[in-house]
Amino acid sequence: MRFSARIWKAGDNVNTDLILPNRAFYLTPQEQAKFVFSANRPGWSDLVVKGDILVGGRNFGMGSSRPAARSLRNLGLACLVAESINGLFFRNCVNFAFPAMECPGVADAFEEGDVAEVSFENAAMVNRRTGVRLVGRAMPAELRAVVAAGGLFPLLEQQGYIASRASA
Amino acid sequence: MGMAIAEKILARAGALARVSAGDLVTVQVHTVVLFDNNFMPSNWPDVRRIDHPERVVVILDHRVPAPTIQAAGAHVTARKFVERFGIERFHDVGRRQGICHQVVADEAYALPGTVLVCSDSHTCSAGALNCVARGVGGPDVFFAACKGETWFRVGETVRYELRGKLGVGVTAKDVFLHIAGKYGDHATQNVEFGGPALADLSVNARKTLATMGAELSCEFATFECDDVLLDYVRSRTGAQFEPQHPDPDAAYCDVRVVDLDRLEPLVALPDSVLRNSRTLPEVSGTPIDQAFIGSCANGTLEDLRLAARVLKGQQVAPKVRLIVTPGSQRVYLEAAREGTLAALVEAGALVTNPTCGACGGGHMGVLGPEETCITASTRNFKGRMGDPSSRVFMGSPATVAASAIAGVIADPRPYLQ
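Residues numbered from 1 in each chain as written. Chains lettered and ligands numbered in written order. Predicted model: local features only at pLDDT ≥ 70, side-chain atom pairs only at ≥ 80, totals over all residues.

Asker: Explanation requested: the overall build of chain B in the structure shown.
Answerer: Scanning chain B from terminus to terminus reveals 13 helices and 18 strands. Relative to the compact-globule value of 22 Å for 417 residues, chain B shows a C-alpha radius of gyration of 20 Å, a close match. The principal-axis extents of the C-alpha atoms in chain B amount to approximately 60 × 50 × 40 Å. The 417 residues of chain B split such that 59% are buried. Taking contacts inside chain B between residues at least 6 apart in sequence as the whole, the part at least 24 apart equals 77%. (Helix = DSSP H or I, 4+ residues; strand = E, 2+ residues; numbered from the N terminus. Rg over C-alpha atoms; globule rule 2.2 N^0.38 Å. Buried ≥ 20, exposed ≤ 12 C-beta atoms within 10 Å, placed from the backbone. Contact = placed C-beta atoms within 7 Å.)

Asker: Teacher, can you tell me more about the interface of chain B and chain A here?
Answerer: The parts lose accessible area when they come together, and the size of an interface is often stated as this lost area. Taken together, the contact pairs 37 residues of chain B with 38 residues of chain A. Per element, the largest residue contribution to the side of chain B that touches chain A is 6 residues, and it comes from helix 4 (residues 138-147) of chain B.

Asker: What should I look at first to understand the domain arrangement of chain B in this one?
Answerer: All names here are of chain B. Split into domains, chain B comes out as domain 1 (5-241 + 252-260) and domain 2 (268-416). When each unit is reduced to the centre of its C-alpha atoms, the spacing between domain 1 and domain 2 is 23 Å. With 36 residues of domain 1 at the contact, the number on the domain 2 side is 35 residues. If you list the elements that add at least two residues to the side of domain 1 that touches domain 2, you get helix 3 (100-106), helix 5 (172-183) and helix 6 (203-211). (Domains from an automatic or database assignment.)

Asker: What is the right way to look at the sheet that holds strand 2 (residues 31-35) of chain B in this model?
Answerer: Each strand in a sheet pairs with its neighbour through backbone hydrogen bonds, running either in the same direction (parallel) or in the opposite one (antiparallel). Residue and element names in this part refer to chain B. A sheet is described by the order of its strands in space; here 5 strands give the open sequence 4-3-2-5-6, paired in parallel fashion. Bordering the open sheet on either side are strand 4 (89-91) and strand 6 (132-135), each of which pairs with just one other strand. In this sheet, adjacent strand axes meet at a mean angle of 15 degrees when their direction is disregarded. (Pairing = 2+ DSSP bridges. Axes fitted to C-alpha atoms, helices over the stretch in contact; angles between N-to-C directions.)

Asker: Looking at this structure, I do not really get the packing of helix 10 (residues 301-311) of chain B against helix 13 (residues 397-406) of chain B. What am I missing?
Answerer: Residue and element names in this part refer to chain B. At their nearest, the axes of helix 10 and helix 13 sit 8 Å apart, and the two run at 35 degrees to each other. Between helix 10 and helix 13 the crossing geometry is right-handed. Along its contact with helix 10, which presents Asp303, Leu306, Ala307, Val310 and Leu311, the element helix 13 presents Pro397, Ala398, Ala401, Ala402 and Ile405. Per-class residue counts for the contact of helix 10 with helix 13 are 9 nonpolar, no polar and 1 charged. (Left-handed = near helix turned anticlockwise from the far one by under 90°. Nonpolar A, V, L, I, M, F, W, Y, C, P; charged D, E, K, R; others polar.)

Asker: Explain helix 10 of chain B here, please?
Answerer: Think of an α-helix as turning once every 3.6 residues; residues three or four places apart then point the same way. All names here are of chain B. Most of helix 10 sits inside the fold, with 8 of its 11 residues counted as buried. Every buried residue of helix 10 is listed here: Leu301, Asp303, Leu304, Leu306, Ala307, Ala308, Val310 and Leu311. Downstream of helix 10 by one or two residues, Gly313 has phi in the positive range, about 75 degrees.

Asker: Is there a simple way to explain helix 6 of chain B in this structure?
Answerer: All names here are of chain B. Taken across its 9 residues, helix 6 has 8 buried, putting it largely inside the fold. Taken together, the buried positions of helix 6 are occupied by Asn204, Ala205, Arg206, Lys207, Thr208, Leu209, Ala210 and Thr211. Structurally, helix 6 contributes buried residues whose contacts are with helix 3, helix 5, strand 9 (190-194), strand 10 (221-223), helix 9 (295-298) and helix 10.

Asker: Honestly, the sheet that holds strand 6 (residues 124-127) of chain A in this entry has me stumped. Any pointers?
Answerer: All names here are of chain A. The 7 strands are arranged 4-3-2-1-5-6-7 in an open sheet whose pairing can be described as mixed. For this open sheet the edge positions go to strand 4 (100-102) and strand 7 (133-135), each flanked by a neighbour on one side alone. Within the sheet, the average angular offset between the axes of one strand and its neighbour, ignoring direction, is 30 degrees. Pairing between strand 1 (residues 2-9) and strand 5 (residues 115-119): 5 bridges, direction antiparallel.

Asker: So what exactly am I meant to see when it comes to the confidence of the model for chain B here?
Answerer: In low-pLDDT regions, the fine details of the predicted coordinates are not to be read closely. Here chain B averages 97 in pLDDT, and 100% of its residues register 70 or above. Scoring of the predicted complex yields 0.94 for pTM and 0.87 for ipTM. (pLDDT = per-residue confidence, 0-100.)

Asker: Teacher, can you tell me more about the pairing of strand 6 of chain B here?
Answerer: Both faces of the sheet carry side chains from a regular strand, because those side chains alternate between them. Residues and elements named next belong to chain B. Judged by which residues are buried, strand 6 turns out to be covered on both faces: Val132 and Arg134 on one side and Ala133 and Gly135 on the other are all buried. Judged from the 4 bridges that link them, strand 5 (residues 115-118) and strand 6 form a sheet pairing that is parallel. Across the sheet, residue Val117 finds its bridge partner in strand 6, namely Arg134.

Asker: I tried to follow the pairing of strand 15 (residues 321-324) of chain B on my own but got confused; where do I start?
Answerer: Residue and element names in this part refer to chain B. Of the pairings in the sheet, the one linking strand 14 (residues 290-293) to strand 15 comprises 4 bridges and is parallel in character. Directly across from Gln290, in strand 15, lies its bridge partner Arg321. Relative to strand 16 (residues 350-351), strand 15 runs parallel, the two being bridged by 2 bridges. Bridge assignment links Ile323 to a residue of strand 16, and that residue is Leu350.

Asker: What exactly am I supposed to notice about unusual backbone geometry here?
Answerer: Excluding glycine, most residues fall at negative phi; most peptide bonds, likewise, are trans. Note that the residue after Val64 of chain B, namely Pro65 of chain B, is joined by a cis bond; omega there is -15 degrees. Looking at where Pro65 of chain B falls in the secondary structure, it is placed in the loop between strand 3 (56-59) and helix 2 (69-85). We note that Ala97 of chain A has phi near 65 degrees; this positive angle belongs to a residue other than glycine. Relative to the helices and strands, Ala97 of chain A resides in the loop between helix 4 (87-95) and strand 4. By the C-beta count within 10 Å, which is 20 here, Ala97 of chain A ends up buried. Even without a glycine there, the phi angle at Asn130 of chain B is positive, about 60 degrees.

Asker: What is the right way to look at the environment of Trp44 of chain A in this model?
Answerer: Residue and element names in this part refer to chain A. Among the secondary structure elements, Trp44 is positioned in the loop between helix 2 (29-32) and strand 2 (53-56). C-beta crowding within 10 Å serves as the criterion here: with 14 such atoms nearby, Trp44 is assigned to the partly exposed category. In this structure the C-alpha to C-alpha distance between Trp44 and Gly63, which are 19 residues apart in sequence, comes to 21 Å.

Shown next as structure tokens:
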């Protein structure tokens, strides 16, 4: 998994209510994606272009277990790189097939609009504007395999535990 | 070095000799709890096969009774699922039902020394019962329900050594606000609670602290097992279990002593509980529109009793709404029988049925634009309890009750003398 794209920045302790607010719960996954950061950055979800990268601060995704990682994926973001990622949010990233990596120093090394190159295999990241290189915390190969498979639902589907479903 | 409680529970559940920070482990899951949100169309994966239906518990809680057609539809899907797979531990609306983490404690579904998962972030609540319990995502709760196993990244463990005894009007919620205010987040870390103060801390109080572990962003929040816990569990279930105790030389990344008798009531300012706690003199006098007591953190019988004691002989201020939501039907019934609910209603409180309700901003007390609430629940994120412009302060049930009387944020201690 390698990505090269423009980055957006989010701060420390970004919570799941900001990514997927309660008022969007009854909508379809695709509709829910439009509500990302609607309380703290109205209009932002319309600016995201498919393939963009999100850079976060400490404890990204704190809060509830709601499928907020799925909203970031459905918004078209390619991956998340943050100083640290909330444990529950990280699980949802893996299991909804949204690549996510912890990378100390990333918040200071990037300004919004910079172009980043990210390699999950090497747990490495480069800022194309400044040339700064960072090394992240590698995602274990077992978990990269889950992401590559499209998350846990396709695995359960292949094994006959759940019905075949359209990608959600 | 030896292992902390969570590491020992994970090692046994994973049939591993040893587990330590940095490991990725696959373990057996003893209990999987599903709730109504899992059955909403955008989350429900149409389960066809389950390897261990006896490990699955289904509890309707977030939107109960159904406030919308969509919520009612999720309940219908849940009932069909229970029927199809013969799930015996089903808590339908009204039937020994309640907030799933309260029911898990009420029924002692979380057995000491075991692993429990649920796709609600406050599942760490069961850590009060010496469980490795955590909130997982939608996909992995179904993975665990279907296959009976899951994976965990093992973090380092911070040990909180609790000493002394809480003063009048100071609660486990204030212990949490002290820890969150002083140390901030515990992302990627486990939290372990122990120490001599446990002897004076009820399981309900421990549950408040364990539940709020989610707000510390820790992986697991696990309490030591003692006689208080053993009595609690054995009075609720005949199931066999084997608690886990930390090794004497367990590897902790930090050991932090908390002297309970030196704590005072605290309040978190709106939008976050991390490094955001203030003493009452710093926030007293802030006008409020709504006061809320409930949730998996503060809907226990002790929480309701404490609020009733503060409210005794008092009235809720005219422009304030005090909403009280018991954690479960069992709590509701006991509070009704002993007169606690009557005392709350006499003081002007609105007592709702057990549900997550106002805590999640779903129903039963949603905040309007620019409104201010003080809550004894789990979260004060921006917009969580309603309109994005509303503000949510957080305190203990005693502080919330005192604030409801005063109409402004107030110290509960004068009401408890």
